[in-house]
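Residues per chain, in single letters:
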Amino acid sequence: MSDHPDIRVVPADATRYPTLLQLQVHEPQRDFVGPVAVSLADAAQCEGSQAMAILCDDEPIGFYRIERQPRSIADRDFERATLGLRSFFIDARWQGRGLGTLALVAVMRDLKQRHPDACDVVLTVNVRNTPALALYRRAGFQETGGLYHGGRSGPQHVMLGALPT
């Protein structure tokens, strides 16, 4: 990997599924991020949900989903046009290299380009997932107050980040 990796995001089409299905997080993170196979199947059945691959120099290193209905993320509506981000992760083999921050920048740029009417992105992050909280805060996301209690692993902060202008 070079000093300046080419991090970009692309829709997760069927040709990428075999590689994406091999991505996983470290054991302690599994409480917070479900398997890619489950997320891919769910995205295929949920209208307005799109599975995405995070690439580093064309190699899949991570995964996430975009939800056009932010209510599906935080069980509430938002004043401004908002997209939802779920299942964001960098594969365990690629963690610890600053790629999560670079990936979030690529995600936000891509969302603004493909959804020019959107203003914000909402996500939830488990209150115990301190590394993810730190990552999202560094990327400019802020807690909106209150907690979301619909997650499988306990309460989650609802965080909102503005898309680039």
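The structure presented is a predicted model; accordingly, all values stated were derived computationally and were not measured.

Undergrad: Would you explain the overall build of the protein chain in this entry?
TA: Counting its secondary structure elements, the protein chain contains 5 helices and 7 strands. Its helices and strands taken in sequence order, the protein chain reads β-α-α-β-β-α-β-α-β-α-β-β from the N to the C terminus. Its C-alpha atoms give the protein chain a radius of gyration of 15 Å, near enough to 15 Å, the size a compact globule of 165 residues would have. With respect to the three principal axes, the spread of C-alpha positions in the protein chain is 40 × 35 × 35 Å. Put simply, the protein chain has 165 residues, and 44% of those count as buried. Intrachain contacts of the protein chain at a sequence separation of at least 6 include 64% that bridge at least 24 residues. The protein chain carries 18 positive and 19 negative side-chain charges, and their two centres are separated by 3 Å.

Undergrad: How do you make sense of the packing of helix α4 (residues 99-114) against helix α5 (residues 130-138) when you look at a structure like this?
TA: Two quantities define a packed helix pair, namely the angle between the axes and the distance from one axis to the other. One way to put it is that α4 packs onto α5 with a least axis distance of 10 Å and a crossing angle of 50°. Taken together, α4 and α5 sit at an angle that is classed as oblique. Every pair of crossing elements has a handedness; the one defined by α4 and α5 is right-handed. Residue-level contacts link G100, T101 and L104 of α4 to L135, Y136 and R138 of α5. Residues that form the contact of α4 with α5 fall into these classes: 3 nonpolar, 2 polar and 1 charged.

Undergrad: Any chance you could explain the pairing of strand β5 (residues 120-126) here in plain terms?
TA: Note on strand geometry: in a regular strand, side chains alternate between the two faces of the sheet. Across the 7 residues of β5, 6 count as buried, placing the element largely inside the fold. With α4 bridging strand β4 (residues 82-90) and its parallel neighbour β5, the resulting β-α-β unit is right-handed.

Undergrad: Can you walk me through the nonpolar core in this structure?
TA: Note that soluble globular proteins tend to have their nonpolar side chains buried in a common cluster. Among the nonpolar cores identified, the biggest contains 31 residues, and I7, I54, I61, Y64, L85, F88 and Y136 are the most heavily contacted of them. Counting residues per element, the ones that place at least two in this core are β1 (7-11), β2 (49-56), β3 (59-67), β4, α4, β5 and α5. Excluding anything up to four places from it in sequence, Y64 contacts V9, Q50, A51, M52, I54, L85, R86, S87, F88, V107 and D110. Within the second largest apolar cluster, 14 residues are counted, among which are L23, V25, V36 and F63.

Undergrad: Sorry if this is basic, but what is going on with α4 here?
TA: Since there are 3.6 residues in each turn of an α-helix, residues three or four apart along the chain are aligned in direction. Between its terminal C-alpha atoms α4 stretches 22 Å, which fits the 22 Å expected from 16 residues at 1.5 Å a residue. Among the residues of α4, those classed as buried are L99, G100, A103, L104, A106, V107, M108, D110 and L111.

What counts as what
Residues numbered from 1 in each chain as written. Predicted model: local features only at pLDDT ≥ 70, side-chain atom pairs only at ≥ 80, totals over all residues. Heavy atoms only, no water. Helix = DSSP H or I, 4+ residues; strand = E, 2+ residues; numbered from the N terminus. Rg over C-alpha atoms; globule rule 2.2 N^0.38 Å. Buried < 20%, exposed > 50% of the residue type's maximum accessible area, 1.4 Å probe, protein only. Contact = heavy atoms within 4.5 Å. Lys, Arg positive; Asp, Glu negative; His and termini not counted. Charge placed at Lys NZ, Arg CZ, Asp CG, Glu CD. Axes fitted to C-alpha atoms, helices over the stretch in contact; angles between N-to-C directions. Parallel < 35°, antiparallel > 145°, perpendicular 65-115°, else oblique. Left-handed = near helix turned anticlockwise from the far one by under 90°. Nonpolar A, V, L, I, M, F, W, Y, C, P; charged D, E, K, R; others polar. Right-handed = clockwise from strand over helix to strand, strands pointing away. Core = buried A, V, L, I, M, F, W, Y, C linked by side-chain atoms within 4.5 Å. Expected span 1.5 Å × (residues − 1).

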